[in-house]
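# Residue-level structure breakdown
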Amino acid sequence: MCSFRKPVYLTAGYNTISLGTGRPEFHPKKPRPSLEDYIKEAGQGVIQQISSAEHIDEGVISNFMAARFNRQGHLAALIPSIDPALRYKPCTRVEGACASGGLGLANAIKTILSDLADVVLVVGVEVQNSVKAIYGADYLAGAGHYASERKNGHAYFFPGKFADRAGAYYEKFGAESTREAMAHWYAKAIENARTCPQAQEYHNSAGDLLKLGRKAPNANGFVDHLNLFDCSKVSDGASAMICASEEGLKKLGLDKDKAVRVFGMGQAEDDLTQAPEDQTKLSTTNQAVSKAYKQAQVSHEKIGVLEVHDCFSITGILALEAAGFAEHGQAGELVKSGYTKRTGEVPTNTTGGLVGFGHYTGGTGIRQAVDICRQLTKQAGDSQVEVSSQRPYGLTISMGGNDRTVVSLVLGKDT
Amino acid sequence: MDLKQRLENVSVIGAAGKMGSGISLLLCQEMAFEQVKNPNSCYTLNLIDTRAEALKDLITYLRTQMQKVAEKQVVKLRQLYAENNDLVENGEIIDAFVNTAVSIVCPSQTMAVAAKSHMVFEAIIENEEIKASIFKELKTLCSENSYFFTNTSSIPISSLEEKTQLQGRIVGYHFYNPPAIQKLLEIISSSNTPEDLSLIALELAKLLKKKVVVSQDVAGFIGNGHFIREGIHALNEVQRLSEKYSMTKAVYLVNKATQDLLVRPMGIFQLMDYVGIDVFQKIQRIMGSYLSGENFTHDIIEQMVASSVLGGQYGDGSQKDGFFQYEKNRMAGIYDFTTQKYLSLSENAWSEKEDKELGDYPESWNAWKNLMKDKKKEEKLATYFVQLKETDTMGAKLALSYLQKSKEIALKLVADQVAASNQDVDDVLLTGFFHIYGITTV
């Protein structure tokens with residue numbers, strides 16, 4: 001695979017608070033910001049960092065299920081609500097389940113490469129606390145194959161799917177050691193979230209995180225192989241950023257030092273109607289990441305900061321294997337060794353990931369790129385980690401459904 | 001006829017009342033699950049009440065509550081509906097269950113609909129004559145193998161049985177308020193109760209996930225046997241203290257001491273407000289009429305009821321004013337016996353000044369709400385009670401003598417064979433009154 005015909009940059013990111021249980025301002029019975037509010041906040045948060053909204057040529061909005069969570073379709077036409085300068089600009093809504101954010105970036109990148117635009121505003125949003133989790137589970141199940149999977153699926157559909165993966169992994173590589181690694185994943189997620197004021201678990205002050213993470217799963221109340229601490233949050237929020245060409249950056253008055261260049265982009269889909277061949281592997285993630293590495297001409301050894309899609313702790317562990325950081329069956333040990341902690345060799349999910357930061361599904365893929373951009377350009381505030389010069393790149397993995405749509409980006413400083 | 005068969009047709013008399021609506025909810029839930037499991041049977045829950053408007057509200061209440069039940073039990077429901085391919089999503093399954101639950105419910109203002117019921121629950125006003133007349137009517141309506149469950153909290157079952165000629169077909173089934181949440185169920189049989197009914201009563205209690213305590217058939221049973229006597233002791237204490245303080249202050253101090261220093265969820269007068277001062281009086285009278293040699297009337301209660309200061313709850317569950325005035329279910333004022341109006345507890349820091357009268361609390365004191373879920377509460381309470389005994393304050397003395405009296409009442413219930421054991425009395429107070437230590441063990 002050849003490299004891009006011209007440089008493409010990501011910059012000027014903005015993440016709203018990830019709102020939901022755990023945030024002191026969240027109360028299920030009190031009014032909360034709407035879908036429109038989040039789109040505006042994130043979009044305007046980006047526009048404040050650029051010279052003028054006039055220079056935005058196109059808009060992309062990523063969202064998974066507003067049609068059900070908020071009874072709202074036609075989201076592309078909400079982009080002009082961000083700023084009057086965006087009226088009549090071409091806008092597109094993309095959907096790829098929980099990979100919608102990654103897919104939005106992929107579309108923006110392709111638009112820049114097509115020369116049809118120099119500046120694309122990408123916004124990702126999801127407002128999920130509009131219904132109780134038990135109904136939200138129905139909506140999120142749309143990321144699976146409704147006709148063949150929903151009827152026999154668990155009430156909590158995706159926890160059920162990933163509990164199956166966890167169960168298969170326990171069987172193959174040992175339940176006790178895997179559960180211990182999952183507890184470490186949870187502890188790391190919360191420790192990292194505590195560095196980021198926008199994170200849903202920012203205020204989490206629990207003492208013994210490992211003890212919570214070790215809590216035995218309860219199949220009667222939830223699912224058989226995951227406890228609640230293994231799961232990402234139900235979240236409301238949005239992320240946005242600019243995708244631009246070199247020319248675009250100039251128009252916006254943005255310094256390349258504050259931007260990251262997209263060195264590799266890998267996208268892959270697998271057949272939604274088929275069950276995974278091997279429950280202990282994320283084969284589509286592996287495909288997407290491999291493409292991104294190949295295009296960027298790097299391997300995992302050059303990745304110094306990582307954003308993986310840990311919708312569940314087990315998914316984070318499987319993703320590390322799919323991205324080459326560990327052999328099959330070995331990622332648990334890697335996590336326990338501290339390799340992915342903020343002081344470790346490859347700090348992973350530095351603002352908490354989906355478990356700690358939160359998971360406003362349509363926006364998560366963009367939130368990941370915003371955080372990698374901040375890390376590599378040293379704008380990450382209290383979440384800043386040391387990125388080794390031997391490992392100058394960042395990697396994002398944005399995954400949809402049960403490893404069915406994946407977008408992976410290799411990002412780095414343009415030297 | 002086994003319990004499952006009996007559950008096919010059930011009636012609740014007084015269904016729209018405070019207790020009746022809770023009992024209806026519990027039955028509706030179990031019957032709805034049975035209906036889903038046995039789609040070819042036709043389950044019927046007759047909700048009988050004289051008030052048409054209240055029945056409408058009851059249906060709305062049941063629908064809302066059944067939705068919550070379904071949401072919580074959706075994992076189980078998905079299994080129950082596994083064969084129904086039309087129901088795929090949680091939302092569809094929950095709706096189907098709620099619709100089934102509402103479909104078995106038949107509101108009615110006439111008793112005649114109870115004719116086909118195999119079990120009839122009565123939850124009307126605590127008045128023996130009215131209860132007896134209802135059961136007499138039911139006896140003529142229902143088949144000879146139907147069973148009757150009365151939610152009386154004080155009337156001896158043998159007396160109801162005699163007045164209605166129900167000959168062993170009636171048991172006391174005393175739910176605590178609110179029935180859907182409170183785990184305690186006092187079951188009272190008479191000497192004529194057949195084994196079959198005793199077993200059905202126990203089996204149903206298990207199905208409803210209740211903690212059963214069997215009481216002997218003595219007016220007031222265990223729960224009110226203890227509560228009413230303790231209440232009268234509290235009222236006597238108020239009169240004693242009113243020689244030094246005003247009546248109003250005495251009520252405040254006794255209430256405060258019984259909540260804080262006895263580490264209970266609420267003070268004795270707040271509890272009387274919760275039960276209803278008029279209900280308290282009714283039970284006093286019933287107990288007085290059956291139990292000789294003991295005085296069950298009290299001037300303060302007579303005065304409160306005569307002044308129509310009654311406590312109890314509004315239809316939405318919020319607290320009515322009684323000894324105390326309530327704002328959003330929190331105590332905001334206290335009844336002034338002189339002016340017959342409420343004094344604000346916060347104005348001029350009224351309650352803070354009175355609190356000082358009780359003296360400092362022992363160092364190891366913790367409020368009930370803090371200890372309730374504390375795994376080391378037994379240890380902490382043991383230390384606390386030792387310290388309380390060594391404390392020389394007005395509050396400590398008041399609390400200790402009250403505690404002693406409360407324990408004496410409990411032990412007498414066992415000595416009089418109303419309760420089979422100390423544990424049974426403790427269980428009633430722990431479960432029905434949310435105490436966090438057994439009174440007989442202090």
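Residues numbered from 1 in each chain as written. Chains lettered and ligands numbered in written order. Predicted model: local features only at pLDDT ≥ 70, side-chain atom pairs only at ≥ 80, totals over all residues. Heavy atoms only, no water.

### Remarks on the nonpolar core
Residues and elements named next belong to chain B. Quick reminder of the rule: Think of a nonpolar core as a cluster: buried Ala, Val, Leu, Ile, Met, Phe, Trp, Tyr and Cys residues, connected wherever their side-chain atoms sit within 4.5 Å. Relative accessibility under 20% of the residue-type maximum defines a buried residue, over 50% an exposed one, and the middle range a partly exposed one, all with a 1.4 Å probe and only protein chains included. Helical segments are the DSSP runs of H or I of at least four residues, strand segments are the runs of E of at least two, and each set is numbered from the N terminus. In what follows, a contact means two residues having at least one pair of non-hydrogen atoms within 4.5 Å.
Membership of the largest hydrophobic core comes to 69 residues, with the highest contact counts inside it found for Phe-269, Met-272 and Phe-323. The element best represented in this core is helix H17 (residues 394–415), accounting for eight residues. Each residue touching Met-272, except ones within four places of it in the same chain, is listed here: Phe-227, Gly-231, Leu-235, Ile-277, Phe-280, Ile-301 and Phe-323. Leu-3, Ala-54, Leu-62 and Ile-94 belong to the second-largest nonpolar core, a separate cluster that totals 59 residues.

### Describing the interface of chain A and chain B
Stated precisely, the cut-off is as follows: Buried area is understood as the total, over both parts, of accessible area removed when two parts are fitted together, assessed with a 1.4 Å probe. A carboxyl oxygen of Asp or Glu within 4 Å of a side-chain nitrogen of Lys or Arg is what we treat as a salt bridge. Polar contact criterion, stated in full: a pair of N or O atoms within 3.5 Å, where within protein one must be able to donate a hydrogen and the other to accept it, and residues adjacent in sequence count only if both atoms are side-chain atoms. Only Asp, Glu, Lys and Arg are considered charged in this grouping, and only Ala, Val, Leu, Ile, Met, Phe, Trp, Tyr, Cys and Pro are considered nonpolar; every other residue, Gly among them, is considered polar.
Counting from both sides, the interface comprises 13 residues of chain A and, opposite them, 16 residues of chain B. Carbon and sulfur atoms supply 47% of the area buried between chain A and chain B, which totals about 1,200 Å² over both sides. Summed over the shared surface of chain A and chain B, the number is two salt bridges. In this structure, Glu71(B) and Lys132(A) form a salt bridge, with 2.4 Å as the shortest nitrogen-oxygen distance. Our count for the contact surface shared by chain A and chain B stands at 15 residue pairs in polar contact (both at pLDDT 80 or more). When contributions to the side of chain A that touches chain B are tallied by element, the ones reaching two or more residues are helix H4 (133–140) and helix H5 (146–150) of chain A. Among the elements that take part in the side of chain A that touches chain B, H4(A) stands out by supplying four residues, more than any other. Residues of the side of chain A that touches chain B, tallied by class, amount to five nonpolar, three polar and five charged.

### Description of the domain arrangement of chain A
All names here are of chain A. Convention followed: Where each domain starts and ends comes from a domain assignment, either automatic or drawn from a database.
Taken domain by domain, chain A comprises domain 1 (9–132 + 234–259) and domain 2 (157–233 + 263–412). Each of domain 1 and domain 2 has a C-alpha centre, and the two are 23 Å apart. Summed over both partners, the interface of domain 1 with domain 2 comes to about 2,900 Å²; 60% of that surface belongs to carbon and sulfur atoms. Here domain 1 is connected to domain 2 by 20 residue pairs in polar contact (both at pLDDT 80 or more). Those elements that place two or more of their residues in the side of domain 1 that touches domain 2 are strand E1 (9–15), helix H3 (100–113), strand E4 (119–127) and strand E5 (236–244). Sorting elements by how many residues they give to the side of domain 1 that touches domain 2 places H3 first, with eight residues. Of the residues contributing to the side of domain 1 that touches domain 2, the split by class is 21 nonpolar, 19 polar and six charged.

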